[in-house]
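These are the residues of each chain, in order.
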Amino acid sequence: MEQQSGSSQSPRSPSSQPYLLVSVTDPVKLGDGVQAYISYRVITKTNLPEDLSPEKIVIRRYSDFVWLRDRLFEKYKGIFIPPLPEKSAVEKFRLSAEFIEMRRQALDVFVNRIASHSELQQSEDLRTFLQADEETMERLTSQETGIFKKPADLMQIFKDVQSKVSDVVFGKEKPVEESNPEYEKLKHYVFELENHLAEAQKHAYRLVKRHRELGQSLSDFGKAAKLLGACEGQALGKAFSELGAKSETLSVKLQKEAHQLLMKFEEPLKDYVRAVQSIKATIGERANAFRQQCELAETTKLKEINLACMLTRSDRVGEAEHEYNLLKAESEEATRRFETIVRLMNEEIVCFQEQKTQDMGIGFHEFAKGQARLAHSIADAWRSLLPKLEACSA
Amino acid sequence: MITAQRSSSGSLQSPRSPSSQPYLSVLVTDPVKLGNGVQAYISYRVITKTNFPEYQGPEKIVIRRYSDFVWLRDRLFEKYKGIFIPPLPEKSAVEKFRFSAEFIEMRRQALDLFVNRIASHNELQQSEDLRTFLQADEETMERLRSQETGIFKKKPADLMQMFKDVQSKVSDVVLGKEKPVEESNPEYEKLKHYVFELENHLAEAQKHAYRLVKRHRELGQSLSDFGKAAKLLGACEGQAIGKAFSELGAKSETLSVKLQKEAHQLLMNFEEPLKDYVRAVQSIKATIGERANAFRQQCELAETMKLKEINLDKLMLTRSDRVGEAEHEYKELKAESEEATRRFETIVRLMNEEIVRFQEQKTQDMGIAFHEFAKGQARLTNSIADAWRSLLPKLEACSSA
């Protein structure tokens with residue numbers, strides 16, 4: 001979790017590397033019925049000077065993480081904000097042990113990605129999140145409703161960007177869009193990727209389900225075979241019983257592997273989907289910034305022309321000049337904002353590709369290894385049964 | 001196809017070719033869909049090769065349909081009480097499944113097995129009805145088939161009633177409810193109890209074995225869907241990660257095919273033998289019903305005969321003019337009673353032989369089925385393990401690139 005840039009070198013212990021380690025742990029169900037929710041312990045260990053204490057433990061809930069993500073999204077345009085796990089889930093699944101664990105892991109990954117990002121880790125909102133007491137946190141999260149982007153707003157940005165992409169493709173109109181072929185290629189890739197990833201993730205999840213169903217069937221069959229064995233007796237009965245016992249053993253292995261498949265492959269794939277959605281949000285921000293820059297540049301030009309025409313009438317010139325200067329400053333600021341986003345995005349994309357290649361590489365490896373391991377142990381189990389079956393039929 | 005050998009009793013040794021063994025082998029093959037719509041049905045070619053002297057020739061080919069096999073089974077059930085008549089596959093099936101290639105093949109195999117079991121049973125193979133079934137032309141067969149409705153055909157409802165009677169009598173005896181006309185044979189009671197318990201457990205096991213086949217297929221389908229999605233993803237991504245996705249996708253599709261194949265093997269080599277076992281036990285239950293009927297008849301006639309004997313003595317004492325008539329009725333009744341006793345004892349004798357044979361055959365059949373099951377599973381999972389392991393170096397190459 002250590003950052004690479006030396007800008008936050010700790011003066012307190014010059015011999016030790018600066019570090020910021022966060023752990024999201026101990027999910028606990030609080031509240032009742034429909035208002036029930038999960039709280040997590042967030043443990044921060046750090047030697048960064050801006051932080052008051054080397055270790056801090058706070059209690060946070062899902063909406064606190066959402067607050068942090070929304071603040072970072074507003075402040076650090078151009079950076080791909082790490083994604084959050086989805087909010088809602090099917091009611092009866094929402095509080096299952098598996099769901100809670102998956103969510104905890106995803107939240108832990110979320111915070112640590114922020115903590116290890118050279119820019120985001122310096123965020124004051126991150127420090128607030130990691131240290132503020134629960135009452136302060138509650139106040140802040142209830143304040144933010146309405147100011148920051150609701151899912152509906154984000155959706156609208158996506159739709160705007162998407163429709164503009166297709167409009168450009170179809171030559172429908174000439175919108176205020178960057179004419180940057182490399183960037184167009186990137187946008188096209190991101191949208192196509194999201195579709196294919198979502199498909200692959202959906203089928204990966206089904207694969208997990210099928211493993212579980214096969215395991216359940218094997219277990220049911222095993223029980224039935226054992227009952228049959230008890231009823232039959234003698235050699236045939238023994239064979240049925242052996243078959244049944246082995247089936248039950250293998251059912252357990254299948255369930256374990258299904259869980260592994262979920263955690264080590266399907267979840268990383270889902271994480272990839274969310275990351276791509278975060279990139280789409282950034283693409284939307286870039287489009288907004290570009291539009292603002294263009295609009296302000298145009299307005300500035302018009303004001304400039306207006307001002308030039310006004311030199312003949314002296315009583316409004318001062319006011320017009322003042323307005324023009326303000327506008328020019330705003331226009332320059334908008335250009336700066338846009339260029340910052342472009343610069344950051346370029347860095348982010350490289351970083352993202354590397355990280356994703358590494359993450360998915362591990363995901364695939366785990367998938368193939370897990371499958372091979374499962375298949376191998378199933379093969380051994382059945383083969384070990386063959387001599388016993390032969391003995392029974394002999 | 002099983003080549004049946006003649007009974008070792010030598011009573012039917014062929015005089016024609018004293019050097020060759022007598023044989024009767026049958027093949028049920030070439031299923032063909034005939035007719036249209038609701039009236040569509042499957043016809044099979046039944047090829048008989050034999051040197052039995054009672055048969056018309058060394059080879060005969062006839063066309064038969066499912067109801068012809070049912071006719072044969074019903075006739076044998078009527079004539080050979082005490083023998084476990086080989087079971088038939090079920091009549092109806094879900095409409096859309098009824099003409100699927102898999103269903104047709106499963107039925108063909110089951111019918112082939114049915115006829116060959118009859119042909120290799122040393123009593124049943126001598127049946128005239130079998131000869132008719134294997135040789136008669138199609139019009140004759142159709143005529144016979146339509147004649148039998150109502151006379152021989154035990155409708156499922158009737159069989160059901162017989163089972164219920166036997167079952168209720170078993171439980172009545174157990175519960176000490178009444179004293180029905182039942183054999184008081186503890187060994188036979190044990191056997192009946194075993195048969196009923198076996199049927200329940202077998203049906204459960206077979207149901208779950210069938211579900212297991214279904215789950216294999218579903219897993220295979222999911223793997224195939226995932227493979228396709230992964231390949232599309234690979235094409236979209238490009239570079240090392242794209243290549244990895246594509247490899248993963250291709251391997252998943254390959255393994256999906258293996259899973260589907262194994263699901264089919266599982267069905268044919270394990271689930272079907274299990275289903276065959278269930279049907280065989282149902283056939284035994286039918287025979288148990290016949291034995292109960294024969295016992296009841298024997299008892300009723302024996303009682304009626306005793307009463308008639310007492311009545312006759314009374315008439316003789318009073319020197320009634322009805323004595324002659326009564327004597328005649330008594331003699332007839334006595335003959336019937338002795339016949340009923342003979343019938344019952346035949347059933348008991350045959351059943352004892354049949355049970356021994358059945359246990360041996362079942363142990364052998366199920367032994368083979370288990371072996372196929374375990375072997376098939378081992379083979380499948382081994383090749384799955386190999387496939388994934390062969391992918392690992394490629395994935396490593398992709399992630400390090």
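Residues numbered from 1 in each chain as written. Chains lettered and ligands numbered in written order. Predicted model: local features only at pLDDT ≥ 70, side-chain atom pairs only at ≥ 80, totals over all residues. Heavy atoms only, no water.

**Considerations on the overall build of chain B**
The secondary structure content of chain B amounts to eight helices and four strands. When each of the 401 residues of chain B is scored for burial, the buried share is 49%. (Helix = DSSP H or I, 4+ residues; strand = E, 2+ residues; numbered from the N terminus. Buried < 20%, exposed > 50% of the residue type's maximum accessible area, 1.4 Å probe, protein only.)

**Looking at the interface of chain B and chain A**
Counting residues at the interface gives 52 residues for chain B and 52 residues for chain A. Carbon and sulfur atoms make up 78% of the surface buried where chain B meets chain A, a total of about 4900 Å² over both sides. Together, Phe226(B), Cys236(B) and Phe370(B) form the three largest contributors to the area buried by chain B at its contact with chain A, with a combined 12%. Between chain B and chain A we count zero salt bridges in total. Classifying every residue of the side of chain B that touches chain A gives 30 nonpolar, eleven polar and eleven charged. (Contact = heavy atoms within 4.5 Å. Buried area = accessible area lost by both parts, 1.4 Å probe. Salt bridge = Lys/Arg side-chain N within 4 Å of Asp/Glu carboxyl O. Nonpolar A, V, L, I, M, F, W, Y, C, P; charged D, E, K, R; others polar.)

**Describing the sheet that holds strand 3 (residues 55-61) of chain A**
All names here are of chain A. Spatially, the three strands line up as an open sheet ordered 1-2-3, and their pairing is antiparallel. Among the strands making up the open sheet, the edge pair consists of strand 1 (20-30) and strand 3. With direction set aside, neighbouring strand axes in the sheet form an average angle of 20°. In the sheet, strand 2 (residues 37-46) pairs with strand 3 via seven bridges, with the strands oriented antiparallel. (Pairing = 2+ DSSP bridges. Axes fitted to C-alpha atoms, helices over the stretch in contact; angles between N-to-C directions.)

**Structural notes on helix 3 (residues 124-131) of chain A**
Along an α-helix, residues three or four apart share an orientation, since each turn contains 3.6 residues. Residue and element names in this part refer to chain A. Within helix 3, burial applies to Asp125, Leu126, Phe129, Leu130 and Gln131. Contacts from the buried residues of helix 3 go to strand 1, strand 2, strand 3, helix 1 (62-75), helix 2 (97-115) and helix 4 (134-143). The N-cap residue of helix 3 is Ser123: its side-chain oxygen and the backbone nitrogen of Asp125 are 3.1 Å apart. (Polar contact = N/O pair within 3.5 Å; in protein donor to acceptor, adjacent residues only side chain to side chain.)

**Digging into the side chain of His121(B)**
Residue and element names in this part refer to chain B. You can see His121 is positioned in the loop between helix 2 (101-119) and helix 3 (128-135). The exposure class of His121 is buried, given its relative accessible area of 4%. Non-local contacts of His121, meaning those with residues more than four positions away in its chain, are made with Ile83, Glu354 and Arg357.

**Things to note about empty space enclosed by the protein**
By rolling a water-sized probe across the atoms, one finds the places where empty space is left. Summed over all chains, the structure comprises 13 cavities of 30 Å³ or more. Of the volumes computed, that of the largest cavity is approximately 240 Å³. Broken down by secondary-structure element, the contributors of at least two residues to the lining of the largest cavity are helix 6 (181-232) and helix 8 (317-393) of chain A together with helix 6 (186-237), helix 7 (239-317) and helix 8 (323-400) of chain B. Broken down by element, the residue count for the lining of the largest cavity peaks at five residues, all from helix 8 of chain B. Its residues assigned to classes, the lining of the largest cavity shows 13 nonpolar, five polar and no charged. (1 Å grid on protein atoms, 1.4 Å probe; cavity = no way out; pocket = protein on both sides within 12 Å on 5 of 7 lines; lining within 4 Å. Points joined across faces, edges and corners; volume = space filled by probe spheres on them.)

**Points about the confidence of the model for chain B**
Residue and element names in this part refer to chain B. Residue-level pLDDT values for chain B average 85, and 84% of them are 70 or greater. Here residues 1-15 is modelled with pLDDT under 50, and outside its nearest four sequence neighbours on either side it reaches 32 contacts, counting other chains as well. Model confidence for the complex is summarised by a pTM of 0.81, with the ipTM given as 0.81. (pLDDT = per-residue confidence, 0-100.)

**Let's talk about the pattern of salt bridges**
One pass over the full model with this rule turns up 65 salt bridges over all chains. For Glu199(B), the salt bridge identified is with Lys285(B), shortest N-O distance 2.5 Å. Of this pair, Glu199(B) sits in helix 6 while Lys285(B) sits in helix 7, and the two are 86 residues apart along the sequence. As far as the burial class goes, Glu199(B) and Lys285(B) line up, both buried. Salt bridges sharing partners connect three or more residues here, namely Arg113(A), Asp271(A), Lys356(A) and Asp359(A).

**Some remarks on the side chain of His208(B)**
Relative to the helices and strands, His208(B) resides in helix 6. Leaving out residues up to four positions away in the same chain, His208(B) has contacts with Asp220(A), Phe221(A) and Ala224(A).

**Overview of the environment of Thr300(A)**
Residues and elements named next belong to chain A. Relative to the helices and strands, Thr300 is located in helix 7 (residues 234-310). Each C-alpha atom, one on Thr300 and one on Tyr324, is 6.7 Å from the other, the two residues being 24 residues apart in sequence. Residues in contact with Thr300, not counting those within four places in the same chain, are Tyr324, Leu327, Lys328 and Ser331.

**Quick look at unusual backbone geometry**
Despite not being glycine, Gln234(A) has its phi angle at roughly 60°, a positive value. You can see Gln234(A) is positioned in helix 7. Backbone geometry at Gln239(B) places phi at a positive 60°, although glycine is not the residue there. Summarising the element assignment, Gln239(B) is placed in helix 7. For Gln239(B), a relative accessible area of 68% corresponds to the exposed category.

**Quick word on the packing of helix 1 (residues 66-79) of chain B against helix 4 (residues 138-147) of chain B**
Residue and element names in this part refer to chain B. In contact at an axis separation of 10 Å, helix 1 and helix 4 are set at 60° when each is read in the N-to-C sense. Comparing the axis directions of helix 1 and helix 4 gives the class oblique. Along this stretch, helix 1 crosses helix 4, giving a crossing that reads as left-handed. Along its contact with helix 1, which presents Ser67, Asp68 and Trp71, the element helix 4 presents Met141, Leu144 and Arg145. Classifying every residue of the contact of helix 1 with helix 4 by side-chain character gives three nonpolar, one polar and two charged. (Parallel < 35°, antiparallel > 145°, perpendicular 65-115°, else oblique. Left-handed = near helix turned anticlockwise from the far one by under 90°.)

**Structural notes on helix 4 of chain A**
Residues and elements named next belong to chain A. What helix 4 keeps buried is the set Met137, Leu140 and Thr141. All buried residues of helix 4 fall inside an arc of 95° around its axis, so they share one side. Of the exposed residues in helix 4, the ones pointing more than 90 degrees away from its buried face are Glu135, Glu138 and Ser142. Structurally, helix 4 contributes buried residues whose contacts are with strand 3, helix 1 and helix 3. One side-chain oxygen of the residue at the start of helix 4 lies 3.2 Å from the amide nitrogen of Glu135, identifying that residue as Asp133. (Arc of directions from axis to C-beta.)

**Remarks on the pairing of strand 1 of chain A**
Residues and elements named next belong to chain A. As judged from the nine bridges shared by strand 1 and strand 2, these two strands associate in the antiparallel manner. Directly across from Val28, in strand 2, lies its bridge partner Ser39. Here strand 1 folds back onto strand 2, and the loop between the two strands holds six residues, one of which, Gly31, carries a positive phi near 75°.

**Topic: the nonpolar core**
Residues Tyr272(A), Trp382(A), Phe245(B), Phe270(B), Tyr277(B), Phe370(B) and Trp388(B) are the most contacted members of the largest nonpolar core, which totals 116 residues. Counting only elements with at least two residues in this core, the list comes to helix 6, helix 7 and helix 8 of chain A together with helix 6, helix 7 and helix 8 of chain B. Setting aside its immediate chain neighbours within four residues, Phe370(B) contacts Leu236(A), Ala239(A), Phe240(A), Leu243(A), Leu389(A) and Phe270(B). In terms of nonpolar packing, the next biggest core, distinct from the first, is built from 34 residues, Phe69(B), Val70(B), Tyr80(B) and Ala286(B) among them. (Core = buried A, V, L, I, M, F, W, Y, C linked by side-chain atoms within 4.5 Å.)

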